[in-house]
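# Residue-level structural notes
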Amino acid sequence: MLDTGTTLSDVIRLIKERVVKVSEVTQFYLERATRLNPSINAFITVNDAVLDQAQKMDDQLPNQEQWEKQPLWGVPLGIKDMFCTKGLRTTAASRMLAQFVPPYDATVVSRLKQAGALILGKLNQDEFAMGSSTETSYFGQCRNPWHLEYVPGGSSGGSAAAVAASMCPAALGTDTGGSIRQPAHFCGIVGIKPTYGRVSRFGIVAFASSLDQAGPMTKTVEDAARILEVISGLDIKDQTTSSEKVPSWSNNLNPNVRGLRVGVLQEFMDKSSLNIDVARALEEVEAFLRKEGASLVPISLPLVKHGVSVYYLIASSEASSNLARYDGVRYGHRAQFDHFSGVTLERFYSRNRSEGFGAEVKSRIMLGTYCLSAGYYDAYYKKASQVRRLLRDDFLKAFQQCDVILSPVSTTPAFRLGERLHDPLQMYLNDICTVSVNLAGLCGISVPVTLSSQGLPIGVQFIGKPFDEQSLFNCGFALEKAFAFYRRFKNELPRL
Ligand code: GLN
């Protein structure tokens with residue numbers, strides 16, 4: 001009944017049809033999460049109360065009307081450790097917040113709970129979501145379930161690994177510069193970064209507030225649509241959320257791409273800079289789209305080449321400001337002093353922050369503080385903001401010629417643990433294909449299509465106009481049907 005091929009939509013159906021109880025579903029995932037975590041390290045915290053909560057739901061199956069209001073009733077989800085969860089430790093994978101138990105839920109978490117979902121646990125990530133490999137976590141690196149010597153991607157690596165290894169049926173991630181899409185690609189699952197403003201950021205640990213968005217990470221496109229429907233929409237607690245209507249994406253899925261104009265982003269399609277298996281996968285996707293009657297439109301956006309520079313200036317600047325709140329006084333890690341004589345307030349802050357933050361976070365704070373300081377602001381932060389604006393204009397212009405844009409998610413499949421950890425430039429360049437989507441406030445989806453010659457998953461990215469998530473889901477749905485990644489390879493991971 002429940003196995004590693006079970007999707008979120010399957011779980012919902014099985015509960016609804018009374019084939020399984022909520023507690024059985026929870027037990028199934030809890031057992032896998034507990035058994036596999038020592039090798040994968042996808043969970044930072046498992047919710048001890050979840051089985052009790054599930055048992056209480058066993059005898060109160062909703063009626064038809066309630067189902068519509070609670071479409072995720074009884075489904076246990078994994079939540080990236082960036083989201084505040086009331087009464088459940090939320091660490092951002094940092095020593096700084098290692099003991100932090102939030103007194104409230106993030107808006108998306110409370111919406112999931114209102115929809116009937118349970119929280120199975122909190123998932124591993126790069127510290128404060130800064131990274132592309134989930135190797136900077138204070139709680140230890142996470143591993144790729146397809147090959148334990150490889151990274152799961154990042155920063156939402158725990159979410160991707162947990163879903164791929166069926167430690168939970170679906171998860172939430174956050175994406176500031178690619179952190180949902182890149183790990184989804186590395187782990188062979190679906191991940192969507194919604195349009196900026198689609199999903200509330202209230203209660204999400206802030207990294208770079210003008211770029212951060214939350215989104216689902218799932219086995220199928222339909223599963224992603226179902227979760228995004230629940231978490232999207234206006235929230236008075238986040239002034240940047242949009243009042244744009246939230247469509248029923250899952251009911252409108254349409255795999256027919258006939259007549260669709262697909263822009264092919266030339267700057268990222270240069271075969272010489274792509275891994276050969278990634279290039280081949282893109283060729284296959286292009287051939288499929290052509291065969292199905294879509295028209296492929298070559299488009300050029302020269303500014304995307306500056307995406308990584310612009311992103312790291314802006315994201316680090318915002319991070320340096322957002323992370324100023326962790327001083328060890330109001331909350332956050334507090335250093336142990338033997339005595340306080342001669343300890344100035346400055347030394348106190350400095351010790352708390354030196355001990356609380358890891359190396360990658362410190363280097364971003366320093367970079368960001370430098371960019372924002374008098375004398376450098378105009379040359380760095382302001383200039384980067386101007387290029388960002390031009391980049392958005394260029395994208396919007398390109399969308400006059402096409403409906404969606406096809407590109408790689410990353411130039412390679414997953415890389416080996418440790419391979420890039422001490423080479424920040426290599427690590428940052430890894431984000432070249434994803435960061436522009438955040439800078440321009442667009443939406444992007446990563447959909448798995450095939451395995452590399454080494455047996456590692458490969459996905460492709462579709463980029464959409466602001467608030468046109470439906471086109472992304474439809475393109476993903478078309479590839480899912482044609483390439484059948486999920487059906488073909490769903491038996492690859494049970495050996496874990
Ligand atoms: N890898 C990028 C970074 O390190 C993106 C991270 C993210 O999207 N949270 O900043």
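Refer to the preceding data block for the structure.
Residues numbered from 1 in each chain as written. Predicted model: local features only at pLDDT ≥ 70, side-chain atom pairs only at ≥ 80, totals over all residues. Heavy atoms only, no water.

By size, the foremost hydrophobic cluster in this structure holds 165 residues, and its most contacted members are Leu112, Phe128, Leu289, Phe395, Phe462 and Phe473. Not counting residues up to four positions away in its chain, the partners in contact with Leu112 are Leu72, Leu77, Ile79, Ala117, Leu172, Ile227, Val230 and Ile231. (Core = buried A, V, L, I, M, F, W, Y, C linked by side-chain atoms within 4.5 Å. Buried < 20%, exposed > 50% of the residue type's maximum accessible area, 1.4 Å probe, protein only. Contact = heavy atoms within 4.5 Å.)

For the structure on display, the rule yields 23 aromatic pairs. Relative to Tyr326, the ring of Phe128 lies with its centre 5.2 Å away and its plane at 55°, an arrangement referred to as tilted. Highlighted residues: Phe128 in the loop between β3 (118–123) and α6 (157–164) and Tyr326 in the loop between α10 (307–322) and α11 (345–356), separated in sequence by 198 residues. Across this residue pair, the class does not change: Phe128 and Tyr326 are buried. Ring geometry for Tyr377 versus Tyr381: centroids 5.4 Å apart, planes at 40°, classification tilted. On the basis of relative accessibility, which here comes to 36%, the residue Tyr377 falls in the partly exposed class. An aromatic cluster is present here, built from Phe100, Phe128, Tyr326, Tyr331 and Phe357 joined pairwise through their rings. Lying over the aromatic face of Trp67, Lys16 brings its terminal NZ or CZ to 5.2 Å of the ring centre. Geometry around Phe337 places Arg351 over its ring, the cationic atom sitting 4.3 Å from the centre. (Phe/Tyr/Trp six-rings, centres within 6.5 Å; stacked < 30°, edge-to-face > 60°. Helix = DSSP H or I, 4+ residues; strand = E, 2+ residues; numbered from the N terminus. Lys NZ or Arg CZ within 6 Å of the ring centre and 35° of its normal.)

Taken together, 15 residues form the shell around the ligand, and within it Thr176, Gly177, Ser179, Tyr311 and Arg364 come nearest. Interatomic distance of 2.8 Å between a backbone N/O atom of Thr176 and an oxygen atom of the ligand. A distance of 3.3 Å separates an oxygen atom of the ligand from a polar atom in the backbone of Gly178. In the complex, the protein chains occlude 100% of the 290 Å² of accessible area that the ligand would expose alone. Each residue belonging to the shell around the ligand can be placed in one class, and the counts come to 5 nonpolar, 7 polar and 3 charged. (Near = heavy atom within 4 Å. Polar contact = N/O pair within 3.5 Å; in protein donor to acceptor, adjacent residues only side chain to side chain. Areas by Shrake-Rupley, 256 points an atom, 1.4 Å probe, with all protein chains shown as cover. Nonpolar A, V, L, I, M, F, W, Y, C, P; charged D, E, K, R; others polar.)

The next point concerns the side chain of His185. Relative to the helices and strands, His185 resides in helix α7 (residues 181–187). In terms of polar contacts, His185 uses its side chain to reach the backbone carbonyl oxygen of Thr412, at 2.9 Å. Every residue in contact with His185, bar those within four places of it in the chain, is listed here: Val409, Ser410, Thr412, Pro413, Ser446, Pro457, Ile458 and Gly459.

It is worth spelling out the packing of helix α9 (residues 276–291) against helix α16 (residues 469–483) at this point. Between α9 and α16, the shortest axis-to-axis distance is 11 Å and the interhelical angle comes to 100°. With respect to each other, α9 and α16 are oriented roughly perpendicular. Between α9 and α16, the residues in contact are Glu284, Val285 and Phe288 and Ala478, Leu479, Ala482 and Phe483, respectively. Residues that form the contact of α9 with α16 fall into these classes: 6 nonpolar, no polar and 1 charged. (Axes fitted to C-alpha atoms, helices over the stretch in contact; angles between N-to-C directions. Parallel < 35°, antiparallel > 145°, perpendicular 65-115°, else oblique.)

Once that is clear, we can look at α11. In this model, α11 (12 residues) spans 16 Å end to end at C-alpha, consistent with the 16 Å of a helix rising 1.5 Å per residue. Regarding α11, the residues found buried are Phe348, Asn352 and Gly356. Buried residues of α11, viewed axially, fall in a sector of 50°; they line one side. (Expected span 1.5 Å × (residues − 1). Arc of directions from axis to C-beta.)

When the charged atoms of two side chains with opposite charge come close together, those side chains can pair. A full pass over the atoms with the stated rule returns 19 salt bridges. The residue Asp10 makes a salt bridge to Arg13 at a minimum N-O spacing of 3.1 Å. Taken together, the positions of Asp10 and Arg13, both in helix α1 (residues 8–16) and 3 residues apart, correspond to about one turn of that helix. On the accessibility criterion, Asp10 (22% relative accessible area) is partly exposed. With relative accessibility at 38%, the residue Arg13 sits in the partly exposed group. In this structure, Arg226 engages Glu222 in a salt bridge whose closest nitrogen and oxygen atoms are separated by 2.9 Å. Separated by 4 residues within a single helix, Arg226 and Glu222 lie in helix α8 (residues 221–231), roughly one turn from each other. Judged by its relative accessible area of 28%, Glu222 falls in the partly exposed class. Connected via shared salt-bridge partners are Asp277, Arg280 and Glu284. (Salt bridge = Lys/Arg side-chain N within 4 Å of Asp/Glu carboxyl O.)

This part takes up the pairing of strand β5 (residues 190–193). Across the two faces of β5 the burial is the same, with Val190 and Ile192 and Gly191 and Lys193 all buried. Sheet topology note: the β5/strand β6 (residues 213–218) ladder contains 2 bridges and is antiparallel. For Val190, the partnering residue across the bridge sits in β6 and is Thr218. Where β5 and strand β10 (residues 443–451) come together, 3 bridges link them in antiparallel fashion. (Pairing = 2+ DSSP bridges.)

Attention now goes to the sheet that holds β6. Sheet architecture is open: 11 strands sit in the order β1-β3-β2-β4-β6-β5-β10-β11-β9-β7-β8, paired in mixed fashion. In this open sheet, the two edge strands, each paired with only one partner strand, are β1 (43–46) and β8 (295–299). Averaged over all adjacent pairs, the angle separating strand axes in this sheet is 30°, with direction ignored. Two elements, strand β2 (residues 76–80) and strand β4 (residues 170–175), share 2 bridges in a ladder whose sense is parallel.

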